[in-house]
Amino acid sequence: MAKLHVITYGCQMNEYDSERVAGLLREQRYELTENAADADLILVNTCAIREKAEDKVFSKLGELRALKVQRPELVLGVMGCMAQLQQGTVQKRAPYVDLVFGSPAVARVGELVERVRRERRPVMDTAEAPLVKITARPPSASRLKAYVTVMEGCEKHCTFCVVPRTRGRERSHAPEAIVAEVRGLVADGCREVTLLGQTVNAYGRDLTPPSDLAELFRRVNDVEGLARIRFTTSNPYNLTPKLIAAMRDVPKVCEWFHLPLQSGSDRVLARMNRGYTRAEYLDLVAALRDAVPELALSTDLIVGFPGETEADFEATLEMVERVQYDNVFAFRYSRRPGTPAAEMDEQIAEEEKARRNARLLAVVDRVTAARSARLAGHEVEVLVDGVSKRNVGELSGRTRCNRVVNFAGGGGTAVGDVVTVRVTDVMPHSLRATLTTVPEEAVCSSR
Ligand code: SAM
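## Considerations on the overall build of the protein chain
Here comes step 1: For the protein chain, the helix and strand inventory stands at 14 helices and 19 strands.
Here comes step 2: By the compact-globule yardstick of 22 Å for 447 residues, the protein chain fits well, its C-alpha radius of gyration being 23 Å.
Here comes step 3: Seen along its three principal axes, the alpha-carbon backbone of the protein chain occupies a region of about 65 × 55 × 50 Å.
Here comes step 4: Buried positions account for 56% of the 447 residues belonging to the protein chain.
Here comes step 5: Taking contacts inside the protein chain between residues at least 6 apart in sequence as the whole, the part at least 24 apart equals 73%.
Here comes step 6: Here the protein chain has roughly 19,200 Å² of accessible surface; of this, 51% comes from carbon and sulfur atoms.
Here comes step 7: Across the protein chain, 62 positive and 61 negative side-chain charges occur, with their mean positions spaced 2 Å apart.

Below, the structure is given as structure tokens:
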């Protein structure tokens, strides 16, 4: 068999696409290797969301060039969002790259690689293509937990974001295809799925007849053997009372919600074209916590958006305190080509963005530590996913609210079991706990 090495940057959707590509190429007799130097084909799956992500790719391509010089028959490909956004620029800056293709072309990866080999010249495919559900996965993919893409694209047109240009219009997969994929994964040992979409809570609007994420939760919930459902990423603009009710009522949907705020200032939110105000966002948080009191909330925040004043930034800090997030992803605004915000006046200096980022992280650390501390002494459900990184004599897993928990096993507890533990210690990045139920009882204890 020939050898394939895949390097993945960026979000969960890219991880998912990399798995599909490896699965499809397996059908063409390519097996995965961890070692780039052994590979006959190297694919770099790229992210274009921030300039730093693109810089990383070009520096990696620079490293890979040495392998290409040693072995000219090696095929080097660049796929994903940066390929779609930068198109010819990739080959201009890295002329030794043989293949450039965007996410619409993932289904045709085998054919594209063959063309490079046959024609012995660079190939680029960044055209739009119909949405195809690809379920191929390499044998090395995690059995226990899996990502499942339910829709592609985004039509929100936030002024800072390249995603509408890299991933195209919103297109949903049919619920039957998604349920069939989940069934297949569960038959292979999967216990937890994360339903993926750039605006996953806009799922189904484009289907005939239209559907929505709440309906999809119910259908996926019915898959026997599946223990948990997660989903990401949601946009506050599309968060409906029906979805909030489904989060409360559909038993396998976990009490974990990623709801990007981006800024706490109404003025900045309007300039970002987010479509909601801070008051509307706070109303959504109140409705969510009313429906699911134990909900863990996480968010994305951007600091240094063009024109962000000290008062705007303080409004973001204040929202972190007010919402009491469990986790926050903070990003310095990055000027992306072709986006309206890149052309706005009053771009903020990098040093000021760095200062604001550090101030934000200090508040985030305090707020998230306080949220974690509340878990001490509580009983929580854990899906066991392996042994503890620190102590091989202990098991590790995640709570429904997505916290890592380490605990001493017992009663035959094994990977894939759902057990109940009592939290004894709260650490910055994990919890320690003691087992309180054996697996069989715990499986029934999920809502
Ligand atoms: N679709 C989601 C939404 O809009 O709510 C977000 C998906 S995006 C892949 C992940 C995060 O990257 C965004 O929520 C945002 O915080 C951040 N991001 C996107 N564009 C950015 C930019 N130009 N500069 C800095 N951060 C950015």
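Once the structure has been displayed, the description carries forward.
## A word on the site of the ligand
Here comes step 1: For the ligand, the set of nearby residues contains 16 residues, the closest of which are Gln-198, Gln-262, Arg-274, Asp-300 and Ser-334.
Here comes step 2: Within the side chain of Asp-300, one N or O atom sits 2.6 Å away from an oxygen atom of the ligand.
Here comes step 3: Isolated, the ligand exposes 570 Å² of accessible area, and the fraction of that covered by the protein chains is 93%.
Here comes step 4: Of all the secondary structure elements, the ones that give two or more residues to the shell around the ligand are β13 (296–303) and β14 (327–332).
Here comes step 5: Of the residues belonging to the shell around the ligand, the class tally is six nonpolar, five polar and five charged.

## Considering the pattern of salt bridges
Here comes step 1: Inspection of every chain in the model, using the stated rule, returns 42 salt bridges.
Here comes step 2: Between Lys-242 and Glu-215 there is a salt bridge whose closest N-O contact spans 3.4 Å. A residue pair is termed long-range when its members are at least 10 positions apart, and Lys-242 in helix α9 (residues 241–249) and Glu-215 in helix α8 (residues 213–221) qualify at 27 residues.
Here comes step 3: Given the relative accessible area of 41%, Lys-242 is considered partly exposed.

## Focus on empty space enclosed by the protein
Here comes step 1: For the structure shown, the criterion picks out one cavity of 30 Å³ or more.
Here comes step 2: Looking at the largest cavity, its volume works out to about 240 Å³.
Here comes step 3: Taken together, 18 residues make up the lining of the largest cavity; nearest its centre are Ser-103, Leu-131, Val-132, Ile-134 and Glu-152.
Here comes step 4: Among the residues making up the lining of the largest cavity, the classes are represented as nine nonpolar, three polar and six charged.

## Some remarks on the sheet that holds β14
Here comes step 1: Taken together, the three strands give an open sheet; going across it, the order is β12-β13-β14, and neighbouring strands pair in parallel fashion. Every interior strand has two partners, whereas the edge strands, β12 (256–258) and β14, have only one. For this sheet, the mean inter-axis angle between neighbouring strands, taken without regard to orientation, is 15°.
Here comes step 2: Bridge analysis of β12 against β13 gives three bridges, and the strand direction is parallel. Bridge pairing in β13 places His-258 opposite Ser-298.

Reading the values: the criteria
- Residues numbered from 1 in each chain as written.
- Predicted model: local features only at pLDDT ≥ 70, side-chain atom pairs only at ≥ 80, totals over all residues.
- Heavy atoms only, no water.
- Helix = DSSP H or I, 4+ residues; strand = E, 2+ residues; numbered from the N terminus.
- Rg over C-alpha atoms; globule rule 2.2 N^0.38 Å.
- Buried < 20%, exposed > 50% of the residue type's maximum accessible area, 1.4 Å probe, protein only.
- Contact = heavy atoms within 4.5 Å.
- Areas by Shrake-Rupley, 256 points an atom, 1.4 Å probe, with all protein chains shown as cover.
- Lys, Arg positive; Asp, Glu negative; His and termini not counted.
- Charge placed at Lys NZ, Arg CZ, Asp CG, Glu CD.
- Near = heavy atom within 4 Å.
- Polar contact = N/O pair within 3.5 Å; in protein donor to acceptor, adjacent residues only side chain to side chain.
- Nonpolar A, V, L, I, M, F, W, Y, C, P; charged D, E, K, R; others polar.
- Salt bridge = Lys/Arg side-chain N within 4 Å of Asp/Glu carboxyl O.
- 1 Å grid on protein atoms, 1.4 Å probe; cavity = no way out; pocket = protein on both sides within 12 Å on 5 of 7 lines; lining within 4 Å.
- Points joined across faces, edges and corners; volume = space filled by probe spheres on them.
- Pairing = 2+ DSSP bridges.
- Axes fitted to C-alpha atoms, helices over the stretch in contact; angles between N-to-C directions.

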